[in-house]
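# Inside the fold
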Amino acid sequence: MIEKPKFEARFLLPKYWLTWLGVSLLYLISWLPYKWQLAMGRGLGKLFYRFVPKRAQVARRNLELCFPDKSSSEIEELLRKNMQNTGIAFFETGMAWWWPDWRVRRKLHVHGVEHLQAPLREGRGVLLLLFHFLSLEMHARLHGFIQPAVGLYRPHNNALMEFLQTRGRGRSNKYLIPRTDVRSMMQAIEQGEIAGYLPDQDYGRRRTVFAPFFAVEKTSTTTGTLLFAANKKCAVLTATCFRRADGSGYDVTFYPEFGNFPTGDSVADVTRVNKMVEYAIMQRPEQYMWVHRRFKTRPNEDDPSLYS
């Protein structure tokens, strides 16, 4: 569990001045009209597409691997849209961290909340599976207005950014847990909390199995989901947050509880999770975080990289 961070005098040292400059600019931009920020984000994303070729190439390769039936022109069009959404995500961080409650609330559109409320009424904790969509920062802020939760996170290497992100992400939720603190996560579920967990990236070989994900038959997939879900007082649900195309806000949707999960068959169980990730992605493929090297860990260490 992470306590609410406190401001430290060292944050005023020259080593943090550049960080302060960037953060201050983002803070000022966050007060602009929402649709202006969307337009600025799309413009920034076009620059990403053109001038950050390594990241664009990772995203392109992921799309090629996942959608082998798409033509090169279809892949490139999806990539352009994805880069624009990536640019929007940059400005959404400022909105999520600094917007007042009234401004966030009016962008929230909730669906299926009864699926979340049912296990809570029964006194069970919830392992809420979230995925790396580009509106993730806003998703965390919005969720706090539905039902405050706890979540795993990766501490930032920059102490000032750690202070800012922890305060920002905790504005409408309860507390954060470092992603290596498995015991605290399990305790939170045992105590009836909603605990957010993201199972859709490549975390290497530790606590993973290889299971199908889209067209890649052997994808490194975490078994951490199964570790937490093994608690008899734990309900496993999925939630998504999609940015509306008309600029009217975000659709936060809760899906029915996983029944008979986990089964004891690790590959079958994580394949089921991957199928849910696929289902979510197919609804808004342009809003998913494709720039992560999802397939970097190969079944055998001497297998050639899929990103060569």
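Residues numbered from 1 in each chain as written. Predicted model: local features only at pLDDT ≥ 70, side-chain atom pairs only at ≥ 80, totals over all residues. Heavy atoms only, no water.

## What about the overall build of the chain?
- Along the chain, the regular secondary structure elements total 11 helices and 9 strands.
- Taken over the C-alpha trace, the chain has a radius of gyration of 19 Å; the compact-globule value for 308 residues is 19 Å, and the two agree within 12%.
- When its C-alpha atoms are laid out on the principal axes, the chain stretches across 50 × 50 × 40 Å.
- A burial count over the chain gives 54% of its 308 residues as buried.
- A separation threshold of at least 6 residues defines the contact pool for the chain, and within that pool the share at least 24 residues apart is 77%. (Helix = DSSP H or I, 4+ residues; strand = E, 2+ residues; numbered from the N terminus. Rg over C-alpha atoms; globule rule 2.2 N^0.38 Å. Buried < 20%, exposed > 50% of the residue type's maximum accessible area, 1.4 Å probe, protein only. Contact = heavy atoms within 4.5 Å.)

## Points about the pairing of strand S4 (residues 175-178)
- Residues Tyr175 and Ile177 point to one face of S4 and Leu176 and Pro178 to the other, with burial holding for every one of them.
- Here 4 bridges tie strand S3 (residues 150-153) to S4, and the two strands are oriented parallel to one another. Note on S4: the bridge partner recorded for valine 150 is tyrosine 175.
- As a crossover connection, the stretch from S3 through helix H8 (residues 159-169) into S4 is right-handed. (Pairing = 2+ DSSP bridges. Right-handed = clockwise from strand over helix to strand, strands pointing away.)

## Brief notes about the pairing of strand S6 (residues 208-213)
- As defined by bridge partners, S6 adjoins strand S7 (residues 216-222) across 5 bridges and the pair is classed as antiparallel. Bridging from a neighbouring strand, valine 209 pairs with threonine 221 of S7.
- What sits between the antiparallel neighbours S6 and S7 is a turn of 2 residues, in which phenylalanine 214 has the positive phi angle 55°.

## Comments concerning the nonpolar core
- Membership of the largest hydrophobic core comes to 51 residues, with the highest contact counts inside it found for Leu127 and Trp290.
- Discounting chain neighbours no more than four positions away, the residues touching leucine 127 are Met185, Ile189, Ala195, Tyr197, Thr225, Phe228, Ala229, Cys234, Ala235, Val236 and Leu237.
- Formed by 39 residues, the second largest nonpolar core is a distinct cluster that contains Trp99, Leu130, Ala159 and Cys241. (Core = buried A, V, L, I, M, F, W, Y, C linked by side-chain atoms within 4.5 Å.)

## Overview of a nonpolar patch on the surface
- A contiguous nonpolar surface patch, about 330 Å² in accessible area, is contributed by Tyr27, Leu28 and Trp31.
- Looking at where leucine 28 falls in the secondary structure, it is placed in helix H1 (residues 17-29).
- For leucine 28, a relative accessible area of 58% puts it in the exposed group. (Patch = residues over 30% accessible without salt bridge, like charges linked within 9 Å, V, L, I, M, F, W, Y side chains within 5 Å. Areas by Shrake-Rupley, 256 points an atom, 1.4 Å probe, with all protein chains shown as cover. Salt bridge = Lys/Arg side-chain N within 4 Å of Asp/Glu carboxyl O.)

## Brief notes about the UniProt feature "transmembrane region" (unreviewed entry) in the chain
- According to UniProt, the feature "transmembrane region" (unreviewed entry) maps to residues 16-34 in the numbering used here.
- Helix makes up 74% of residues 16-34 and strand makes up 0%, while its end C-alpha atoms are separated by 29 Å. (UniProt positions renumbered as here; feature names shortened; annotations may be inferred.)

## Some thoughts on the sheet that holds strand S9 (residues 250-254)
- Read across the sheet, 7 strands follow the order S1-S9-S8-S2-S5-S3-S4 without closing on themselves; strand pairing throughout is mixed. Two strands close off the open sheet at either side, each with one partner strand: strand S1 (108-111) and S4. Here the strands of the sheet are splayed against their neighbours by 25° on average, with no regard to which way each runs.
- Here 4 bridges tie S1 to S9, and the two strands are oriented parallel to one another. Residue valine 110 lies in a different strand from S9, and its bridge partner there is valine 252. (Axes fitted to C-alpha atoms, helices over the stretch in contact; angles between N-to-C directions.)

## Observations concerning the side chain of glutamate 193
- Mapped onto the elements of the fold, glutamate 193 is located in the loop between helix H9 (182-190) and strand S5 (194-197).
- Of note is the side chain of glutamate 193, whose polar atom sits 2.8 Å from the side chain of lysine 174.
- Excluding residues that lie within four positions of it along the chain, glutamate 193 makes contacts with Gly125, Val126, Val150, Lys174, Tyr175 and Ala188. (Polar contact = N/O pair within 3.5 Å; in protein donor to acceptor, adjacent residues only side chain to side chain.)

## Concerning the packing of helix H3 (residues 53-66) against helix H4 (residues 72-98)
- The N-to-C vectors of H3 and H4 enclose an angle of 130°; their axes lie 10 Å apart at closest approach. Between H3 and H4, the interaxial angle falls into the category oblique. In the packing of H3 onto H4, the handedness of the crossing is right-handed. Here Ala56, Ala59, Arg60, Leu63 and Glu64 of H3 lie close against H4, whose contacting residues are Ile75, Glu76, Leu78, Leu79, Asn82 and Met83.
- Across the contact of H3 with H4, the residue classes tally to 7 nonpolar, 1 polar and 3 charged. (Parallel < 35°, antiparallel > 145°, perpendicular 65-115°, else oblique. Left-handed = near helix turned anticlockwise from the far one by under 90°. Nonpolar A, V, L, I, M, F, W, Y, C, P; charged D, E, K, R; others polar.)

## Digging into the pattern of salt bridges
- The full count for this structure, using the stated rule, is 14 salt bridges.
- Notably, a salt bridge pairs glutamate 137 with arginine 169, separated by 2.6 Å at the nearest N-O pair. Taken together, the residues glutamate 137 in helix H7 (residues 136-146) and arginine 169 in helix H8 connect sequence positions 32 residues apart.
- Residues aspartate 251 and arginine 244 are paired through a salt bridge, measuring 2.9 Å at the closest nitrogen-oxygen approach.

## Quick notes on the UniProt feature "short sequence motif: HXXXXD motif" (unreviewed entry) in the chain
- In this numbering, the UniProt entry assigns the feature "short sequence motif: HXXXXD motif" (unreviewed entry) to residues 132-137.
- Secondary structure content for residues 132-137 is 33% helix and 0% strand, and the end C-alpha separation is 10 Å.

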